[in-house]
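# A structural walkthrough
Below, each chain spelled out in residue letters.
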Amino acid sequence: MKLKRIVSLGLAAVMAASLTACGASAGNGGAAGSKTIKIGVFEPTTGENGGGGFQEVLGIRYANETHKTVKIGNDEYTIELVEVDNKSDKTEAVNAANKLMGAKVSGVLGSYGSGVSIAAGQIFADAKVPAIGCSCTNPQVTQGNEYYFRVCFLDPFQGTIMANYAVQNGYKNAAILTQLGDDYSSGLGSFFKNAFSDLGGQVVDEEQFQTNQTDFKAVLTNIKAKNPDIIFAPSSITTAPLIIKQARELGINALIAAGDTWENSTIIENAGESAEGIVLSTFFDEAEPANDEAKSFITGFKEYLKKNNQSDVIPAVSALGYDAYLAMYKAIEKAQSTKGEDIKNALKDVTLDGVTGSVSFDEQGDAKKDMAFIKTVEGGKFKFLTTTTV
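Calculation notes
Residues numbered from 1 in each chain as written. Predicted model: local features only at pLDDT ≥ 70, side-chain atom pairs only at ≥ 80, totals over all residues. Heavy atoms only, no water. Pairing = 2+ DSSP bridges. Helix = DSSP H or I, 4+ residues; strand = E, 2+ residues; numbered from the N terminus. Axes fitted to C-alpha atoms, helices over the stretch in contact; angles between N-to-C directions. Contact = heavy atoms within 4.5 Å. Buried < 20%, exposed > 50% of the residue type's maximum accessible area, 1.4 Å probe, protein only. Phe/Tyr/Trp six-rings, centres within 6.5 Å; stacked < 30°, edge-to-face > 60°. Right-handed = clockwise from strand over helix to strand, strands pointing away.

Attention now goes to the sheet that holds strand β3 (residues 75–85). The six strands are arranged β2-β3-β1-β4-β5-β6 in an open sheet whose pairing can be described as mixed. Strands at the two margins of the open sheet, each flanked by one partner only, are β2 (69–72) and β6 (148–150). Across the sheet, the mean angle from the axis of one strand to that of its neighbour is 30 degrees, orientation sign disregarded. Of the strand pairs in this sheet, strand β5 (residues 131–133) and β6 are connected by three bridges, and their pairing is parallel. Residue pairing for β6: Ala131 is matched across the bridge by Tyr148. Seen against the sheet, helix α4 (residues 114–126) touches β1 (36–43), β4 (107–109), β5 and β6 and runs at an angle of roughly 145 degrees to β1.

And the structure:
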C-alpha cells in the first residue's frame, strides 16, 4: 500500500507539472521558456477580394522570412504566422477572428477589405490583441478602437487625391459608381464626390450595384446618358474588369478611374484592351523606391515571387503587408513582451522607414502619410504617372 501511495503521488506530481507547462505555452504568445510568438494573418484568400488578400499575404510571408526571430530579454523567439481566410465576408470574418483569438496570437495583420476589418475589430479589442491593417482604408476601421492600427493612407485622403487629379487634368463632370453595402466602395465614392464638388466639379450621376453583380449595362447606360467625362468606380478586383469592359462595349469614352484595389494585373488580363487608359491611386511603385529599405525589398521580393511561381511585378498591397509586419516586429522588440496589451502600447511610439515610406501612427492609430502614387495602364501594363499630396 505504501509503495502504491508513493507511485500515485509521483504520477500526480508529473501530471501537475505537465499541465502547468501546457498552460504556460498556451498563453498569449507563450510564457517564460517558450521560444515561439504567434502573429495572426487575417486576410481573404478566397471570395471577392481573394486576389488582393493573397498579395498581402505574400508580403507578410516574405517579411516573416527576412525577420524570422525577435529577441525578448535573453530569449530568441521564432515568429510563427497563423493564417486564416476571412473569405471576403463579414460573417466569416468574425469566425476567422475568433479562430485567431483561440490560437492565442499576440498580434494580428490585416485585412484587405475594410468591411471585414471593421467586422472583426471589436473581437481584437475585447481580447486586447493589437491589429495592424495593411490596406484597409475606410476611417471606421480604427475609429473608437485603440487596438487597431494601419500602415496605409485613408479614403478621405485617397478620394481627395483622385478628385484633385481629375480637376487638374480638365475633367469637370463626373459619374460615381459604387457597390451597395461595401464600406470601401461606398466610402471612397463619397469622399471623391465631396472633394470633387468642393473643387468646382459637377457630379452628374450616382449609381450603385449589388454584391456579385455581373451585368452592369443598365447602370452604365444611365451613366452614358449623363455624358460624364470621368467615371469614378471604386470596386473589387473581381468587379472592375466587368465594369471597364462593359463600359467600353457601350461606347463610353470617359476616363474610368478608381482607387488602390484596381492595381492588380488580373484586371488588365480580364479587361484586355479596354483597360488601356484607366487611372488609379495606390501606395507604392517599384520604379520609385522611397528609401534603402524599399530598394532592398524590391530586389529580395522579386526573387521570392519568382521562387513561388508568381509574377515579379510588385503590387502595392504586398509592400504594405511587409510594412505592417515590420511595424508589429518593431513593437514586439520595443515592448520586450509577448502580451498584446504591451505590444499595443509600444505601437503608439513605433517609427520606421518602411517600403512605402516613413511609418508612424497618430492618436487614432492611423499612419501619418501624405503621399500617393497615380498610375495608368499603357501597353497592357501599369505605368507610373506622378506622385501627389494634399
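All right, on to unusual backbone geometry then. The general pattern is negative phi for most residues beyond glycine and trans for most peptide bonds. Across the junction of Gly110 and Ser111, the peptide omega takes the value 20 degrees, indicating a cis bond. Looking at where Ser111 falls in the secondary structure, it is placed in the loop between β4 and α4. In the Ramachandran plot, Lys104 falls in the positive-phi region, its phi being about 60 degrees despite a non-glycine side chain. Its location among the elements puts Lys104 in the loop between α3 (90–102) and β4. With a phi close to 70 degrees, Asn212 is a non-glycine residue in the positive phi region. Along the chain, Asn212 turns up in the loop between β8 (202–209) and α7 (217–226).

Let us now look at the pairing of β2. With burial as the criterion, only one face of β2 is covered, namely that bearing Val70 and Ile72; the residues Thr69 and Lys71 on the opposite face remain uncovered. With four bridges joining them, β2 and β3 adopt antiparallel strand pairing. Residue Ile72 lies in a different strand from β3, and its bridge partner there is Asp75.

Once that is clear, we can look at the packing of aromatic side chains. Under the definition given, this model contains 17 aromatic pairs. Relative to Tyr322, the ring of Phe297 has its centre 4.8 Å away and its plane inclined at 55 degrees; by these criteria the two rings are tilted. Note that Phe297 is positioned in helix α10 (residues 292–307) and Tyr322 in helix α11 (residues 316–335), a separation of 25 residues in sequence. Residues Phe297 and Tyr322 agree in their burial class; the two are buried.

This part covers the pairing of strand β7 (residues 173–179). Regular strands place their side chains on alternate faces of the sheet. The buried count for β7 comes to six of seven residues, which makes it a mostly enclosed element. As paired elements, β7 and β8 share seven bridges and run parallel to each other. Pairing of Thr178 across the sheet is with Gln208, part of β8. This β-α-β element, β7 to helix α6 (residues 183–198) to β8, shows right-handed connectivity. Pairing analysis gives three bridges linking β7 to strand β9 (residues 230–232), with the strands arranged parallel. What sits directly across from Ala175, in β9, is Ile231.

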